[in-house]
Amino acid sequence: MSNIVNVEWVRSKILAGDTVIADVRFSPKEPLYGKEAYERGHLPGAVFVDFKRDLTDSPQEHGGRSPIPSSEDLAKTFGNLGIDRSTTVVVYEDVNGPAASRLWWLLKYVGVEDVRILDGGYEAWVQAGQPVTSEQPTLTSRTLEPIVQEHLLADVNAVRAAIKANGTKLVDSRDSNQYLGLEAPFDPIAGHIPSALNYFWKDGLEQTGNWKSPEELKAHFAGLEREEEIIVYCGSGISATPNVLALQEAGFTNVKLYAGSWSDWISYKDNPIAVGEE
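What counts as what
- Residues numbered from 1 in each chain as written.
- Predicted model: local features only at pLDDT ≥ 70, side-chain atom pairs only at ≥ 80, totals over all residues.
- Heavy atoms only, no water.
- Buried < 20%, exposed > 50% of the residue type's maximum accessible area, 1.4 Å probe, protein only.
- Helix = DSSP H or I, 4+ residues; strand = E, 2+ residues; numbered from the N terminus.
- Pairing = 2+ DSSP bridges.
- Arc of directions from axis to C-beta.
- Contact = heavy atoms within 4.5 Å.
- Salt bridge = Lys/Arg side-chain N within 4 Å of Asp/Glu carboxyl O.

S.K.: Explain the pairing of strand β2 (residues 19-23) to me, using residue names and the numbers behind them.
M.R.: With five of five residues buried, β2 lies mostly within the body of the structure. Side chains of β2 alternate between two faces, with T19, I21 and D23 and V20 and A22 buried alike. Sheet topology places β2 next to strand β4 (residues 88-92); five bridges connect them, and they run parallel. The residue of β4 that forms the bridge with T19 is T88. Of the pairings in the sheet, the one linking β2 to strand β3 (residues 47-48) comprises two bridges and is parallel in character. Of the residues in β3, the one forming a bridge with D23 is F48.

Here it is as structure tokens:
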């Protein structure tokens with residue numbers, strides 16, 4: 001079962017009325033962008049998820065720049081949007097990007113099983129001539145009892161062990177300049193975690209911006225073994241989630257997110273750092 005669905009699939013779910021549609025449009029440079037875009041127009045019945053407020057926690061000494069909220073906080077947020085563990089949820093942003101994948105992953109993490117991503121996001125919906133509305137739905141809260149999927153998450157100790165472990169691969173989702181240590185636009189130290197392989201998350205997309213097919217993604221990740229444990233990271237645990245999604249679409253079943261990612265890794269002064277190609 002694919003996590004990625006098209007406009008027609010979402011349209012049928014909206015007509016059936018048995019799905020929560022979640023709008024998570026976001027711009028890191030414009031704090032109010034997502035909310036204002038939602039208020040101008042969104043998919044019929046869609047609820048708004050505030051990316052920064054709802055899907056990240058305040059940074060501490062460790063844990064990275066964008067820590068994941070507690071399972072209790074996530075469960076309360078999602079429950080207030082009408083989501084429980086039995087709900088089918090479709091998430092979207094403007095186009096295919098890290099915000100929708102982050103929401104998809106967090107919903108899965110607290111035990112919501114049926115979560116899909118609208119391929120192409122809001123732009124694909126509008127380009128297909130589908131209706132949008134500024135009307136905001138009346139929300140009916142549900143109780144979401146979280147069942148945390150610990151197997152989806154890796155911490156710094158797991159990553160330290162993975163550097164030398166057979167049967168585990170680290171995947172760095174940042175662009176090549178950040179991976180090679182040529183620049184660090186968001187962090188005080190450049191480089192990557194030793195032994196990590198670089199798979200820039202945007203390379204999972206077609207030139208059109210749509211997701212590559214499962215067959216194309218299998219070819220993209222041909223350097224990884226299907227039976228291996230894969231731990232995926234980026235700068236702060238956000239743009240790694242599209243790679244988690246892409247790996248799952250390619251048939252990988254043991255994929256974990258290092259949620260703190262590079263910004264957590266460098267917060268420990270004794271952690272080793274690599275630059276250049278592996």
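Next comes the rest of the write-up.
S.K.: How would you summarise the pairing of strand β7 (residues 168-172) if you had to cite specific residues and measurements?
M.R.: Of all five residues in β7, four are buried; the element is thus mostly enclosed. Where β7 and strand β8 (residues 197-198) come together, two bridges link them in parallel fashion. If you follow V171 over to β8, its bridge partner there is L197.

S.K.: Can you tell me about helix α2 (residues 33-40), naming the residues and giving the values?
M.R.: Along α2, the residues classified as buried are G34, A37 and Y38. Buried residues of α2 fall within an arc of 100° about the axis and therefore sit on the same side. Here the buried face of α2 lies against β2 and β3.

S.K.: I'd love a proper account of the pattern of salt bridges, names of residues and values included.
M.R.: Evaluated as defined, the whole model comprises 11 salt bridges. Where D114 meets R116, a salt bridge forms, and the shortest distance between an N and an O atom there is 2.6 Å. For the pair D114 and R116, a shared accessibility class is recorded, and that class is buried.

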